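Spelled out, the chains give:
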Amino acid sequence: MKRTLVVILIALLSISIIFAANVRIKDFAKFRGARDNQLFGIGLVIGLNGTGDSGTLNSTLLANMMKNFGISVNPNDLKTRNVALVMVVADIPPFYKSGMRLDVEIASINDAKSLRNGILVQTPLYGADGNVYAVAQGPVSVGGEEVKGTANLQKRFPVVGYIPGGAIVEREIPMSIVDANSITILLDRPDFTNAARTAVAINTKFGVNIAKAVDAASIKVNIPNVFADDVISFLALLEEIEVPLDTIAQVVINERTGTIVFGGDVKISDFVLSYGNFVVVISNGQIGDKQATIGNLVTALKSLGATPQDIIAIVQELYKAGALFAQLKIM
């Protein structure tokens, strides 16, 4: 016998109305010019107890390194599997100064079996402009031990490693966020509504029109004369301004885990759907003065015993039929 769910009175449903969240500018945007930069370098990991590279490439590099210390060695005399050639990468955040430390990641380039217990030898890290901005060195961590015969353990990747604080910044990357007495705020996720709301919130805070949304991603803000000699304080005030952000209506489905995440005010239109043991009916889809939402529908289906797979299938069919007013993403 099929069970019919009629979403008209919604007597058994918990009604959830989603309001725009007030979020600080610093949590959803950045200042133009204040950006991370990627660094990279090629180095050697030593002390690998036979799990390093085969061949002679690492021996040649070791011999060249020893020449810097005035030691002349024939590469053929350095055949060893205790050394691995690796790529070293790191991100340097904006305004990092000389002497500050960065986390680095390391990955084997050749045929090493494991980097466990190895030590990265001093490796210069280059920017895209070819200049050295940091130097990395230190013991490599590749995670916990591999345990065989035990279920539900994450697989280890011993040829990829990590050194917390393993690089020291040697040169600051020049940055400028002020241009012609103005700064530009860049939204992490471009959106015309949120750009306009950010400009309004800034103008309301300072009581004068100093901000204007240029496009969906950027808001230009003129620096008031009172902050001409104290731009940092002005930026700090900007970061703390709260904006009522609008959330895009979207439904994200992960079929492998059977989960559904829905954000924003996801609405559904009137429909009749027959699926397995369920007949779902949305008629005159109003909850008070609000339209029926996907959240209420999911809650009702769960109360009737629908499995995650049932709910996912129903949501997908609603989207195909044009009854779901949201973006649908399937992972």
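The following refers to the structure shown. (Residues numbered from 1 in each chain as written. Predicted model: local features only at pLDDT ≥ 70, side-chain atom pairs only at ≥ 80, totals over all residues. Heavy atoms only, no water.)

**Digging into the sheet that holds strand 6 (residues 101-108)**
Threshold: Strands are treated as partners if at least two bridges between them are detected by DSSP. Strands here mean DSSP runs of E at least two residues long; helices mean DSSP runs of H or I at least four residues long; both are numbered from the N terminus. Note on method: axes are straight lines fitted to C-alpha atoms, helices fitted across the in-contact stretch only, with angles between N-to-C directions ranging 0 to 180 degrees.
Within the closed barrel, the 6 strands sit side by side as 4-5-6-9-8-7. Their pairing is antiparallel. Shown here is a sheet whose adjacent strand axes are inclined to one another by a mean of 30°, direction ignored. Examined bridge by bridge, strand 8 (residues 132-139) and strand 9 (residues 160-169) share 3 bridges and lie antiparallel to one another. Directly across from Ala 134, in strand 9, lies its bridge partner Val 169.

**Points about the nonpolar core**
Counted only if it meets this: Within this scheme, the nonpolar core is defined by two criteria: the residues are buried Ala, Val, Leu, Ile, Met, Phe, Trp, Tyr or Cys, and they are joined through side-chain atoms within 4.5 Å. Only protein chains enter the accessibility calculation, which uses a 1.4 Å probe; a residue whose area is less than 20% of its type maximum is buried, one above 50% is exposed, and one in between is partly exposed. The contact definition used throughout considers only heavy atoms, calling two residues in contact when any of these lie within 4.5 Å.
The biggest cluster of nonpolar side chains holds 25 residues, and the ones touching the most others in it are Ile 185, Ile 202, Val 221 and Leu 238. For this core, the element with the most residues is helix 2 (residues 192-206), which contributes 4 residues. Discounting residues that sit within four places of it in the chain, Val 221 has contacts with Ser 182, Ile 183, Ile 185, Ile 202, Ile 210, Ala 211, Phe 234 and Leu 238.

**A word on the sheet that holds strand 22 (residues 327-330)**
The strands making up a sheet associate through backbone hydrogen bonding, with each pair oriented either parallel or antiparallel. Taken together, the 3 strands give an open sheet; going across it, the order is 15-14-22, and neighbouring strands pair in mixed fashion. Every interior strand has two partners, whereas the edge strands, strand 15 (259-263) and strand 22, have only one. Mean inter-strand twist for the sheet, computed between neighbouring axes without regard to direction, equals 15°. Looking at chain direction, strand 14 (residues 250-254) and strand 22 are connected through 4 bridges and run parallel. The residue of strand 22 that forms the bridge with Ile 253 is Ile 330. Its contacts with the sheet put helix 5 (residues 308-321) on strand 14, strand 15 and strand 22, and the angle it makes with strand 14 is roughly 135°.

**Some words on helix 5**
This is how the line gets drawn: Multiplying 1.5 Å by the residue count of a helix minus one yields the expected span of that helix.
In this model helix 5 runs 20 Å from its N-terminal to its C-terminal C-alpha over 14 residues, within 8% of the 20 Å that 1.5 Å per residue would give. Residues of helix 5 that are buried: Asp 310, Ile 311, Ile 312, Ala 313, Ile 314, Val 315, Gln 316 and Leu 318.

**Description of the environment of Ile 260**
Its location among the elements puts Ile 260 in strand 15. The partly exposed category is assigned to Ile 260, whose relative accessible area is 22%. With 69 residues separating them in the primary sequence, Ile 260 and Lys 329 have C-alpha atoms 10.0 Å apart. Setting aside residues up to four positions removed in sequence, Ile 260 forms contacts with Val 251, Val 252, Ile 253, Ile 311, Ile 312 and Val 315.

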